[in-house]
Amino acid sequence: WAEGNVKKFLWSEIHSYSAELWTGGIADVGWLDKEDRLIAGDFKSSKDVYFSQFIQLGGYDTMLSENGGFTADGEKIFELPRPIQAYCVAPFGQEDFNPVILDYVDDFKAAFKSSVHLHKLNKLFDQVKKELSNKVVAQAKTATLAELLA
């Protein structure tokens, strides 16, 4: 598959992070395809591709765009030469290897940022709920999280 689709590999198993989102990860692979598009790819042992896998690639894109790539020891070794143009999920658990490439990079990057926000909000809600569990609280149909924290 790579011989027919990849012009040049750019990275493999590169570490990155986002200080803004407080996230980190290891991006599987990136390459220039035969059309000269910069692709971020992720190999999966699953038999199919899933929406969440593309959101994960949006996260790697966000982190690589913000800070570049690093070794496991923290040495900076890579900068994106230009913005990533598409994401590829390669489910090698399939009987017939058939990677899926999508170019909605802005949407998946936004989805990753939203996922991080939802995760943080959920953790905050769990903390508030725990703190309130020992108190008698009047239920309000329109209470906001900010009101619960007050």
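Before any of the text, the structure's been laid out above.
What you are looking at is a predicted structure, and each value in this text was computed from that prediction instead of being measured.

Conventions and cut-offs
Residues numbered from 1 in each chain as written. Predicted model: local features only at pLDDT ≥ 70, side-chain atom pairs only at ≥ 80, totals over all residues. Heavy atoms only, no water. Helix = DSSP H or I, 4+ residues; strand = E, 2+ residues; numbered from the N terminus. Expected span 1.5 Å × (residues − 1). Buried < 20%, exposed > 50% of the residue type's maximum accessible area, 1.4 Å probe, protein only. Polar contact = N/O pair within 3.5 Å; in protein donor to acceptor, adjacent residues only side chain to side chain. Contact = heavy atoms within 4.5 Å. Salt bridge = Lys/Arg side-chain N within 4 Å of Asp/Glu carboxyl O.

Could you clarify how one ought to interpret helix 3 (residues 105–132) in this entry?
The periodicity of an α-helix, 3.6 residues per turn, causes residues three or four places apart in sequence to face the same way. If you check helix 3, its first and last C-alpha atoms are 40 Å apart, about what 28 residues at 1.5 Å a residue would give, namely 40 Å. Listed as buried for helix 3 are Val105, Phe108, Ala111, Phe112, Val116 and Val128.

Any chance you could explain helix 2 (residues 51–67) here in plain terms?
Spanning 17 residues, helix 2 covers 25 Å between terminal C-alpha atoms, matching the ideal 24 Å at 1.5 Å per step. Among the 17 residues that make up helix 2, 12 are buried, leaving the element largely enclosed by the rest of the structure. Every buried residue of helix 2 is accounted for by Gln53, Phe54, Ile55, Leu57, Gly58, Gly59, Tyr60, Asp61, Thr62, Met63, Leu64 and Asn67. One or two residues past the end of helix 2 sits Gly68, with phi positive at roughly 80°.

Before we go on, may I ask you to explain the side chain of Asn67 in this structure?
Secondary-structure assignment places Asn67 in helix 2. A distance of 2.8 Å separates a polar side-chain atom of Asn67 from the backbone oxygen of Tyr17. Setting aside anything within four residues of it in sequence, one finds Asn67 in contact with Tyr17, Ser18, Ala19, Lys76 and Glu79.

What exactly am I supposed to notice about the pattern of salt bridges here?
Two side chains carrying opposite charge are able to pair once their charged atoms lie near each other. The final tally for this structure, using the stated rule, is 7 salt bridges. Close ionic contact of Asp42 with Lys44 constitutes a salt bridge, the shortest N to O distance being 2.9 Å. Here Lys44 falls in the buried class, since its relative accessible area comes to 17%. Members of the salt-bridge network, linked through shared partners, are Lys7, Asp36 and Arg82.

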